[in-house]
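Working through the structure, step by step
One-letter residues, chain by chain:
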Amino acid sequence: RQVMTFLELTEGPLWYAAAGIFSFGVIWRLAVILLFGRKPDRSIPRGSALVGAVKANILHLWPHGGFFTKSGFHLIAGYLFHLGLFVLVFFAAPHVVFIQDNIVGFGWDTLPRWGFILTAEAAFCGLILLWARRLGDPVIRLLTDRDDNTGLWMTFGVMLTGCLALGESSEFLRALHMLSVDIWLIYFPFSRLMHGFTFVFSRGYMGASFGRRGITP
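For clarity, every value in this text was computed on a predicted model and none was experimentally measured.

**Considering the pattern of salt bridges**
Summed over the entire model, instances satisfying the criterion amount to 5 salt bridges. For D148, the salt bridge identified is with R134, shortest N-O distance 3.9 Å. Note that D148 is positioned in helix 8 (residues 146–164) and R134 in helix 6 (residues 113–136), a separation of 14 residues in sequence. Take D148: its relative accessible area is 13%, and that puts it in the buried class. The shortest N-O distance in the salt bridge between D145 and R192 comes to 2.7 Å. On the criterion of sequence distance, the pair formed by D145 in the loop between helix 7 (138–143) and helix 8 and R192 in the loop between helix 9 (171–187) and helix 10 (195–212) is long-range, its members being 47 residues apart. A single network of salt bridges, built from pairs that share partners, joins R134, D145, D147, D148 and R192.

Below is the structure:
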């Protein structure tokens, strides 16, 4: 009987187990939020809660009023990291091939190698700047706990091993990257990394509350 290699293990049984736990955990967390509901608001509505929820999610993609001067650093670093990570996950050539072979059955256009490198540098830059802000801001440093740091460093590890495996010259580096991805997927639904999904609901809830009162969120 042929022994399964480290790469086959991480891209086979471990991957499917991690993807299953990730999917179940995300669906469970979102279902709890949606089923939890809220107390009925018996006040006379002065506007649309739905419109307020949509406005909140759109308007808060960029700080308005006089908030940019205070949140500009966090905004730029956040977009560098989050948009960079999104592009890497869904448009890096090895990822597109993996998604095509293991998930959806079809592919799409991918980043050229130079595009991957520039996007990876932007994502790393954003993540490091966000981490530096956590260390440098006394209030944020006080609010940061083990979960925040664990999620940050696990994400950094996934990105770093991905860059090391880019050359595809070492099966071990590719397997190491997949192992880090598997662990990250399992951790994701049970940590603050879930904000990647729940931010829409938190902003929408706030916007609906303001919108019902006729106030622009």
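Still more ground to cover, so stick around.
**Focus: the layout of surface pockets**
One number sums up the size of the second largest pocket: a volume of about 220 Å³. Of all the elements in the fold, those that place two or more residues in the lining of the second largest pocket are helix 2 (13–36) and helix 10. It is helix 10 that contributes the most residues to the lining of the second largest pocket, 4 residues altogether. Residue composition of the lining of the second largest pocket, grouped by class: 6 nonpolar, 2 polar and 1 charged.

Basis of the calculations
- Residues numbered from 1 in each chain as written.
- Predicted model: local features only at pLDDT ≥ 70, side-chain atom pairs only at ≥ 80, totals over all residues.
- Heavy atoms only, no water.
- Salt bridge = Lys/Arg side-chain N within 4 Å of Asp/Glu carboxyl O.
- Helix = DSSP H or I, 4+ residues; strand = E, 2+ residues; numbered from the N terminus.
- Buried < 20%, exposed > 50% of the residue type's maximum accessible area, 1.4 Å probe, protein only.
- 1 Å grid on protein atoms, 1.4 Å probe; cavity = no way out; pocket = protein on both sides within 12 Å on 5 of 7 lines; lining within 4 Å.
- Points joined across faces, edges and corners; volume = space filled by probe spheres on them.
- Nonpolar A, V, L, I, M, F, W, Y, C, P; charged D, E, K, R; others polar.

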